[in-house]
Amino acid sequence: MTDTAKITLGDKTVDSPVLSGTVGPDVVDIRKFYAQTGAFTYDPGFTSTASCESKLTYIDGDEGVLLHRGYAIGDLAEHSSFMEVCYLLLNGELPTAEELEAFDNTITRHTMLHEQLATFYRGFRRDAHPMAVMCGVVGALSAFYHDSTDIQDPHQRMIASHRLIAKMPTIAAMAYKYSVGQPFIYPDNKLSYTGNFLRMTFGVPAEEYEVVPAVERALDRIFILHADHEQNASTSTVRLAGSSGANPFACIAAGIACLWGPAHGGANEAALNMLREIGRPERIPEYIARAKDKDDPFRLMGFGHRVYKNYDPRATVMQKTVREVFDALKVNDPVFEVALQLEEMALNDSYFIEKKLFPNVDFYSGVILSAIGFPTTMFTALFALARTVGWVAQWNEMISDPAQKIGRPRQLYTGPAHRPYVPVDQR
Ligand code: SDX
């Protein structure tokens, strides 16, 4: 703790402690503020509010820095694997080779779903959005895995965390298979986490499926880029749901529901749809003008960020990965050229410069996922697949935090003051 912040309200002056972290902004501890002053602080959207203490992920929005347990996202994307990053987020340190092998084996052996869960899919229309399916099926997991729902038992919390990380690829792949009327493909324990997901998604019983190493590597890197991101909307949803003592499967289902929104994880689907709608570089100025028009609700999807007021370091890696996948699959989709030129024009436009709007993680991801063969409706499901490790790591951290209480914000009430009831014949 460094010093205190004096806040004067009317005839009251309170000293609130100022707390410092390892790096990043200090926080003013206002936990006693209401008791001392009778007033609430007000911060809809939490633009200036720290909701918790965390050791998982640090973001410096001005410098475009993203660290997971102290390791830079660029280093992890280049040198690590998604399984290694999952271990790092859950346990706090990079694993030894033996630890990583044991962790990988544990996750591999949790990839199968209870067979009765397959019937849940039959209740959906074939054209149901995969995120609707993910919300339903993940929420239903709590009905099948009662032996990992006691949130006060660290061992059960870790089993539930492993089950969620392991089963998300199976659930997402089944959502895709159901949407295209193909049979579900069971996990194959000989494959990597990401290779297994590719085979469950694109493999068919009628022939062998060959995982393309460059695609496996690119998708594994995309999963790393989406693993965790501090207290974003869906993570905050998971923490708030978890603060009531709800079981982990219900909490992650709540996170999936929040991620679905186009302002958050749904932006990758919206960004590719936007790029396809633009279609050719000549039409870019029209869309940039619309994005700048206050009277037009249109926004450049995949641009801007609550925290990053510089380039999203994940977008940098994502753009390089587009070229790798295009070369590996000999793809020549004009949408990448539209994306590159749109970025170039936006970053040279005073509106975007003044408002510090840069491409975010969602701007290029859809270009890659489309090249690999995923339909746009699967993009956010892949984001949820990768973000599950961040959600469960944050959820575990919250449950283990002795300072955590049920989350219960207050409000500024501007409705009617007390008034007498009026019988209907007198209205
Ligand atoms: C993710 O929080 C996270 O960490 C999220 C995430 C994660 O990993 O979990 O990083 C993943 O959700 C990335 C963001 C994906 N969303 C999009 O790409 C959707 C398009 N972007 C915007 O809707 C917006 O930029 C947000 C929602 C991302 C951020 O919104 P903020 O912080 O609330 O900013 P704002 O809406 O107050 O915008 C500030 C100004 C506004 O103009 P003024 O009212 O000040 O005149 O910038 C403008 C906005 O109109 N603006 C945009 C814009 N984004 C903001 N104008 C045009 N196009 C855009 N994309």
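All figures in this text were calculated on a predicted structure; none of them were measured in a lab.

Student: What exactly am I supposed to notice about unusual backbone geometry here?
Tutor: Across the chain, the bulk of peptide bonds are trans and the bulk of non-glycine residues have phi less than zero. In this structure, Phe-46 takes a positive phi of about 55° despite not being glycine. With respect to the secondary-structure elements, Phe-46 resides in the loop between helix H1 (33-37) and strand E4 (57-60). One non-glycine residue, Glu-230, lies in the positive phi region at around 60°.

Student: In this structure, what is going on with the site of the ligand? I would like to understand it.
Tutor: Taken together, 24 residues surround the ligand, and among them His-229, Lys-294, His-305, Arg-306 and Arg-314 come closest. The separation between an oxygen atom of the ligand and a polar side-chain atom of His-229 is 2.6 Å. Contact distances for the ligand include 3.0 Å between an oxygen atom and a side-chain N or O atom of Asn-360. Taken by itself the ligand offers 1100 Å² of open surface, and the protein chains cover 77% of this.

Student: Looking at this model, I keep getting lost on the sheet that holds strand E2 (residues 12-19). Mind explaining?
Tutor: Backbone hydrogen bonds are what pair the strands of a sheet, in a parallel or an antiparallel way. Spatially, 3 strands are ordered E1-E2-E3 in an open sheet, and the strand pairing comes out antiparallel. The open sheet is flanked by strand E1 (4-9) and strand E3 (27-28), the only strands paired with a single partner. As defined by bridge partners, E1 adjoins E2 across 6 bridges and the pair is classed as antiparallel. Looking across to E2, one finds that Thr-4 is bridged to Pro-17.

Student: What is the right way to look at the pairing of E2 in this model?
Tutor: On a regular strand, one side chain projects to one face of the sheet and the next to the other, so that they alternate. Taking the residues between adjacent antiparallel strands as the criterion, E1 and E2 are bridged by 2 residues, where Gly-10 takes a positive phi near 60°. As judged from the 2 bridges shared by E2 and E3, these two strands associate in the antiparallel manner. If you follow Val-18 over to E3, its bridge partner there is Val-28.

Student: Help me understand helix H10 (residues 233-242) in this model?
Tutor: One full turn of an α-helix is made of 3.6 residues, so residues set three or four places apart face in the same direction. By the burial criterion, the buried members of H10 are Ser-234, Thr-235, Val-238, Arg-239 and Gly-242. One side of H10 holds all its buried residues, which, seen down the axis, span an arc of 145°. The secondary structure elements touched by the buried residues of H10 are helix H11 (248-259) and helix H18 (379-400).

Student: Is there a simple way to think about the state of the cysteines in this case?
Tutor: Here is the idea: a disulfide is a covalent bond, and it sits between the sulfur atoms of two cysteines. Across all of its chains, the model carries 0 disulfides by this definition. The thiol of Cys-135 is unpaired, and the distance to the nearest cysteine sulfur, on Cys-258, comes to 10 Å. Lacking any disulfide linkage, Cys-251 is separated from the closest cysteine sulfur, that of Cys-258, by 13 Å.

Student: I tried to follow the packing of helix H7 (residues 154-180) against H11 on my own but got confused; where do I start?
Tutor: In the contact formed by H7 and H11, the axes pass within 10 Å of each other and the chain directions differ by 45°. It follows that H7 is oblique to H11 by the angle criterion. Seen from above, H7 lies across H11 with right-handed handedness. In this structure, H7 uses Ala-160, Leu-164 and Met-168 to contact H11, whose residues at the interface are Pro-248, Phe-249, Ile-252 and Ile-256. Per-class residue counts for the contact of H7 with H11 are 7 nonpolar, no polar and no charged.

Student: So what exactly am I meant to see when it comes to the sheet that holds strand E5 (residues 65-68) here?
Tutor: Taken together, the 3 strands give an open sheet; going across it, the order is E4-E5-E6, and neighbouring strands pair in antiparallel fashion. Looking at which strands have only one partner, the edges of the open sheet turn out to be E4 and strand E6 (71-72). Direction of pairing for E4 relative to E5: antiparallel, over a ladder of 4 bridges. Directly across from Ile-59, in E5, lies its bridge partner Leu-66.

Student: What is the right way to read the pattern of salt bridges from this model?
Tutor: Side chains that differ in charge, positive against negative, can pair when their charged atoms come close. Inspection of every chain in the model, using the stated rule, returns 15 salt bridges. Salt-bridge contacts for Arg-125 lead to Asp-127; the nearest nitrogen and oxygen are separated by 2.5 Å. Classification of Arg-125 by relative accessible area gives exposed; the value is 60%. Note on Asp-127: relative accessible area 53%, which makes it exposed. Arg-280 is the salt-bridge partner of Glu-282, the closest N and O atoms lying 3.1 Å from each other. Classification of Glu-282 by relative accessible area gives exposed; the value is 56%. Among the residues examined, Arg-280 registers a relative accessible area of 46% and is labelled partly exposed.

Reading the values: the criteria
Residues numbered from 1 in each chain as written. Predicted model: local features only at pLDDT ≥ 70, side-chain atom pairs only at ≥ 80, totals over all residues. Heavy atoms only, no water. Helix = DSSP H or I, 4+ residues; strand = E, 2+ residues; numbered from the N terminus. Near = heavy atom within 4 Å. Polar contact = N/O pair within 3.5 Å; in protein donor to acceptor, adjacent residues only side chain to side chain. Areas by Shrake-Rupley, 256 points an atom, 1.4 Å probe, with all protein chains shown as cover. Pairing = 2+ DSSP bridges. Buried < 20%, exposed > 50% of the residue type's maximum accessible area, 1.4 Å probe, protein only. Arc of directions from axis to C-beta. Contact = heavy atoms within 4.5 Å. Disulfide = S-S within 2.5 Å. Axes fitted to C-alpha atoms, helices over the stretch in contact; angles between N-to-C directions. Parallel < 35°, antiparallel > 145°, perpendicular 65-115°, else oblique. Left-handed = near helix turned anticlockwise from the far one by under 90°. Nonpolar A, V, L, I, M, F, W, Y, C, P; charged D, E, K, R; others polar. Salt bridge = Lys/Arg side-chain N within 4 Å of Asp/Glu carboxyl O.

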